[in-house]
Each structure stands twice: as structure tokens, then as C-alpha cells.
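Chain by chain, the residues:
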Amino acid sequence: MRNVAVIGMGHVGATVAFTLFTHGIVDNLYLLDKNKAKAEAEYNDLRDTLARNDYHVNVFLGDYSDLKNVDVVVTSFGDIAATVKTGDRFGEFEINAKNAKEVGEKIKESGFNGILINISNPCDAISTLLQETTGLSKKQVFGTGTFLDTARMQRIVGEELDEDPRNVAGFVLGEHGASQFTAWSTVSINGKSAKELFTKEQEEKLSAQPNKNSMKVAFGKGYTSYAIATCAVRLIQAVFSDARLFAPTSVYLDEVGTYIGYPAIIGKNGVEKVIALELTSEEDEKLEESAEIIKKHIAQLK
Ligand SMILES: NC(=O)c1ccc[n+]([C@@H]2O[C@H](COP(=O)([O-])OP(=O)(O)OC[C@H]3O[C@@H](n4cnc5c(N)ncnc54)[C@H](O)[C@@H]3O)[C@@H](O)[C@H]2O)c1
């Protein structure tokens, strides 16, 4: 049985739950939110879907005591208005640091010992706090990180070359936030390296787009949901099917001493392996600078 709990049933959590439900990716789905009325409304809306859904899914109004038997917990708590107001994911840091402590302690008390995939922002810092509070291993806890920003980069590069985004390989690395960067040395399109296709100026212009585009969506609809939910669901599937998916997620990177967006192999144990990239010295510096920003914020909290 594939058991998933989603904690935080806002725009993102509800879209993750709906996607799992309609794609039959879960057998038992537990919905949790500190706003009980919201969780109950989502629970009832999903139950009303059952008679027309292609798959049977057992959906529950969850409680922390249910987590003991859950395989994957997704954390999507927060207050998106705080990010939209500031245009910076650290705008939600104070709120979500408190939430991470509260939710993390409850997860620990529940006896949960599965895989925790964090979405809540600022993603790298909150993944760090959740790992510390739950006491789960660094393999068991990871964040969606730059998996989403990488998808945005693939879209932008694909559009530039009139190619399907799935034909674009490579990574956006670093903070899921303003200091992220496209590691152009890793990017290729249908086997051709970005270096052969773009000038330095073009790369710089394209680099700024993933983060800009995300804020454009957030400002336009007040939140973002489809792309992040699709990323989270792909990662959940990778855990259930032990896909050993090579994906840039927010993982603990020893070299920089923090959770940060970097490629890893995702499988049944969570982070099976972090894959060391051969970056240029300029990219290495950018990664370190991005790590310093994440660490500085976490240190200010302590
Ligand atoms: N990592 C990414 O790429 C990415 C992308 C989009 C959104 N996000 C983040 O995901 C989070 C959710 O976004 P959203 O648009 O759904 O926000 P939202 O404000 O619509 O919903 C947040 C939900 O969390 C609940 N919540 C708050 N504190 C809680 C707690 N302690 N325990 C349980 N539930 C709690 C709220 O009641 C609310 O229903 C935000 O932090 C947002 O910034 C991350």
C-alpha cells in the first residue's frame, strides 16, 4: 500500500493531493492542516470525486497519529501571501520556521519513519529545520529545491530554440530563491551543449528568467501550484517505484554544509546518493555564495 500524508492543504498541498488522487499514485491519502475547516473541505471535495475518478483512493481527514503508518509525508504548510507581498521566499521564513518546529515535533512524536519531501519556503532552510526537528536522517528528508526552477529553465531554453522542454538537459542549482543560477556547463539540447548554442550574453539573459517567471505567476494568481505539484508528485513516484531519478532537489551537500539545490538520485530510501558535478570555477563560486545566503538566514534564527 502506498500511503501519503500532505501537511498544509493550501493551493499547493491541495493540488498535490488532487494529482495523486486523479493519477492513482496513492492508496491511502491523509490530509492535514492546522485550519481544520480547510482540510475538511478538501477532504469532502476529493470524496465527491470518487464516483468519477479512474482509481479508487482511500482519503482521510488526517491526524498526526496516522503518520506512523505513512510512507511519504509532503510538507506544504505556509502563508503564500507573505512571499507574494515581499517578492522573496525569505518573506515566509519567520512564519515557516515556527511551523517547521511545530510540525516537525509532531512528526517526530508520531513515530513516522518514512520519507519527508518538503515544499514549504524558503525551501532549503525549511528542509534543514525539518530534518533537524524530526531527527530523521538526511537521506529521508529532502526538498523539491531547484527541481522546479530547472523545469522552468528547460521551458525557457526550449522556447528559445523552439524545442520541447523535455529535450533540454541540465540544472539550475543553489537556493530555491533569488541566488539560484543556471549551471550552463551542465546544459545541453538534443545532445548539443549550451556553449555551442548561446553566447555568454544570451546565457545571462536566460539565467534570470526562471526566478522572474515564477514571481510573475505568483503575482498574477497570488500563488503557484501546477508546476510545483507536478514536481512533488514526480518525486513521490520516484520513491514509490524506486526509480533512482536523477533530479536536482534540496539535499544536504557536505561540501557547502547546508541543504541546497543539487542533483541527487531519488529512490525508495529518499536521497540514495548525491551526485558530484564537475562545475566551472565560476559555478562553484556561485554555489558557495548561494549556500552562504541560506546558512546566514538559518544562523540568524538561532
Ligand atoms: N518549493 C517550491 O518550489 C514552492 C512552490 C510554490 C509554493 N511553495 C511554498 O509552499 C507553501 C504552500 O504554498 P500555498 O500557496 O499552498 O500556501 P497557502 O497559504 O495557500 O497554504 C498554506 C496552508 O498551510 C496551512 N498551515 C499553515 N501553518 C500550518 C501548520 N503549522 N500546520 C499545518 N498546516 C499549516 C495553512 O492553514 C494553509 O492552508 C508556501 O510556503 C509556499 O511558499 C514552494
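Worth saying up front: this structure is predicted, and the values here are computed from it rather than measured.

### Digging into the overall build of the chain
Part 1 of the reasoning: In terms of regular secondary structure, the chain is built from eleven helices and twelve strands.
Part 2 of the reasoning: Taking 2.2 N^0.38 as the reference for a compact globule, 302 residues should give roughly 19 Å; the C-alpha atoms of the chain span a radius of gyration of 19 Å, in line with that estimate.
Part 3 of the reasoning: When its C-alpha atoms are laid out on the principal axes, the chain stretches across 55 × 45 × 35 Å.
Part 4 of the reasoning: Evaluated residue by residue, the chain yields a buried proportion of 55% over its 302 residues.
Part 5 of the reasoning: A separation threshold of at least 6 residues defines the contact pool for the chain, and within that pool the share at least 24 residues apart is 68%.
Part 6 of the reasoning: When the accessible surface of the chain is totalled, it reaches about 13,800 Å², and 49% of it is carbon and sulfur.
Part 7 of the reasoning: The positive charge centre, built from 33 side chains, and the negative charge centre, built from 42, are 3 Å apart in the chain.

### What about the nonpolar core?
Part 1 of the reasoning: In this structure, Val16 and Leu29 are the most contacted members of the largest nonpolar core, which totals 77 residues.
Part 2 of the reasoning: A per-element tally of this core places helix α10 (residues 226–240) first, with nine residues.
Part 3 of the reasoning: The residues that make up this core include at least three from each of domain 1 (3–143) and domain 2 (146–300).
Part 4 of the reasoning: Among all residues touching Leu29, those that are not within four sequence positions of it are Val4, Val6, Ala17, Leu20, Phe21, Leu46, Val57, Asn58, Val59 and Phe60.
Part 5 of the reasoning: Met153, Val157, Val172 and Ala194 belong to the second largest nonpolar core, which has eleven residues in total.

### Quick notes on the UniProt feature "domain: Lactate/malate dehydrogenase C-terminal" (unreviewed entry) in the chain
Part 1 of the reasoning: Sequence positions flagged by UniProt for "domain: Lactate/malate dehydrogenase C-terminal" (unreviewed entry) are, in local numbering, residues 146–300.
Part 2 of the reasoning: Helix makes up 48% of residues 146–300 and strand 26%, with an end-to-end C-alpha separation of 23 Å.

### Comments concerning the UniProt feature "binding site: NAD(+)" (unreviewed entry) in the chain
Part 1 of the reasoning: The feature "binding site: NAD(+)" (unreviewed entry), as given by UniProt, occupies Gly8, Met9, Gly10, His11, Val12, Gly13, Asp33, Asn96, Ile119, Ser120 and Asn121 in the numbering adopted here.
Part 2 of the reasoning: Considering the arrangement of structural elements, one finds Met9 in the loop between β1 (3–7) and α1 (11–22).
Part 3 of the reasoning: Relative accessible area serves as the criterion here: at 0%, Met9 is assigned to the buried category.
Part 4 of the reasoning: Once you skip the residues sitting within four places of it in the chain, Met9 turns out to touch Ala14, Ala17, Leu31, Leu32, Asp33, Lys38, Ala39 and Glu42.
Part 5 of the reasoning: Among the secondary structure elements, Gly10 is positioned in the loop between β1 and α1.
Part 6 of the reasoning: Excluding residues that lie within four positions of it along the chain, Gly10 makes contacts with Asp33 and Lys38.

### Considering the domain arrangement of the chain
Part 1 of the reasoning: Domain assignment breaks the chain into domain 1 (3–143) and domain 2 (146–300).
Part 2 of the reasoning: For domain 1 versus domain 2, the distance between C-alpha centres works out to 22 Å.
Part 3 of the reasoning: Facing 36 residues of domain 1, the contacting portion of domain 2 comprises 43 residues.
Part 4 of the reasoning: Together domain 1 and domain 2 conceal approximately 3,200 Å² of surface at their shared face, both sides included; 73% is due to carbon and sulfur atoms.
Part 5 of the reasoning: Area buried by domain 1 at its contact with domain 2 is led by Arg89, Asp124 and Phe142, which between them contribute 22% of it.
Part 6 of the reasoning: Our count for the domain 1 to domain 2 interface comes out at zero salt bridges.
Part 7 of the reasoning: Taken together, the connections running from domain 1 to domain 2 amount to nine residue pairs in polar contact (both at pLDDT 80 or more).
Part 8 of the reasoning: Those elements that provide at least two residues to the side of domain 1 that touches domain 2 are β1, α1, β4 (72–75), α3 (80–86), β5 (115–118), α5 (123–134) and β6 (141–143).

### Looking at the site of the ligand
Part 1 of the reasoning: What surrounds the ligand is a group of 29 residues, the closest being His11, Val12, Asp33, Glu92 and Asn99.
Part 2 of the reasoning: Here an oxygen atom of the ligand and a side-chain polar atom of His11 are 2.7 Å apart.
Part 3 of the reasoning: Here a nitrogen atom of the ligand and a backbone polar atom of Ile119 are 2.9 Å apart.
Part 4 of the reasoning: Summarising the interface, the protein chains cover 92% of the accessible area of the ligand, which totals 870 Å² for the free molecule.
Part 5 of the reasoning: Elements that contribute at least two residues to the shell around the ligand include exactly α1 and α4 (93–110).
Part 6 of the reasoning: In terms of residue count, α4 provides more of the shell around the ligand than any other element does, four residues in total.
Part 7 of the reasoning: A class-by-class count of the residues in the shell around the ligand yields eleven nonpolar, 13 polar and five charged.
Part 8 of the reasoning: Two domains each put at least three residues into the shell around the ligand: domain 1 (3–143) and domain 2 (146–300).

### Points about the packing of α1 against helix α2 (residues 36–49)
Part 1 of the reasoning: In the contact formed by α1 and α2, the axes pass within 11 Å of each other and the chain directions differ by 20°. The angle between α1 and α2 places the two elements in the roughly parallel class. Read as a crossing pair, α1 and α2 show a hand that is right-handed. Residue-level contacts link Ala14, Ala17, Phe18 and Phe21 of α1 to Glu42, Leu46 and Thr49 of α2.
Part 2 of the reasoning: Taken together, the residues that form the contact of α1 with α2 break down as five nonpolar, one polar and one charged.

### Some remarks on the environment of Val26
Part 1 of the reasoning: Within the secondary structure layout, Val26 lies in the loop between α1 and β2 (28–32).
Part 2 of the reasoning: Its relative accessible area of 1% is what places Val26 among the buried residues.
Part 3 of the reasoning: Along the sequence, Val26 and Arg2 sit 24 residues apart, while their C-alpha atoms lie 5.2 Å from each other.
Part 4 of the reasoning: Apart from residues no more than four positions distant in its own chain, Val26 is found in contact with Arg2, Val4, Leu20, Phe21 and Val57.

Reading the values: rules and limits
Residues numbered from 1 in each chain as written. Predicted model: local features only at pLDDT ≥ 70, side-chain atom pairs only at ≥ 80, totals over all residues. Heavy atoms only, no water. Helix = DSSP H or I, 4+ residues; strand = E, 2+ residues; numbered from the N terminus. Rg over C-alpha atoms; globule rule 2.2 N^0.38 Å. Buried < 20%, exposed > 50% of the residue type's maximum accessible area, 1.4 Å probe, protein only. Contact = heavy atoms within 4.5 Å. Areas by Shrake-Rupley, 256 points an atom, 1.4 Å probe, with all protein chains shown as cover. Lys, Arg positive; Asp, Glu negative; His and termini not counted. Charge placed at Lys NZ, Arg CZ, Asp CG, Glu CD. Core = buried A, V, L, I, M, F, W, Y, C linked by side-chain atoms within 4.5 Å. Domains from an automatic or database assignment. UniProt positions renumbered as here; feature names shortened; annotations may be inferred. Buried area = accessible area lost by both parts, 1.4 Å probe. Salt bridge = Lys/Arg side-chain N within 4 Å of Asp/Glu carboxyl O. Polar contact = N/O pair within 3.5 Å; in protein donor to acceptor, adjacent residues only side chain to side chain. Near = heavy atom within 4 Å. Nonpolar A, V, L, I, M, F, W, Y, C, P; charged D, E, K, R; others polar. Axes fitted to C-alpha atoms, helices over the stretch in contact; angles between N-to-C directions. Parallel < 35°, antiparallel > 145°, perpendicular 65-115°, else oblique. Left-handed = near helix turned anticlockwise from the far one by under 90°.

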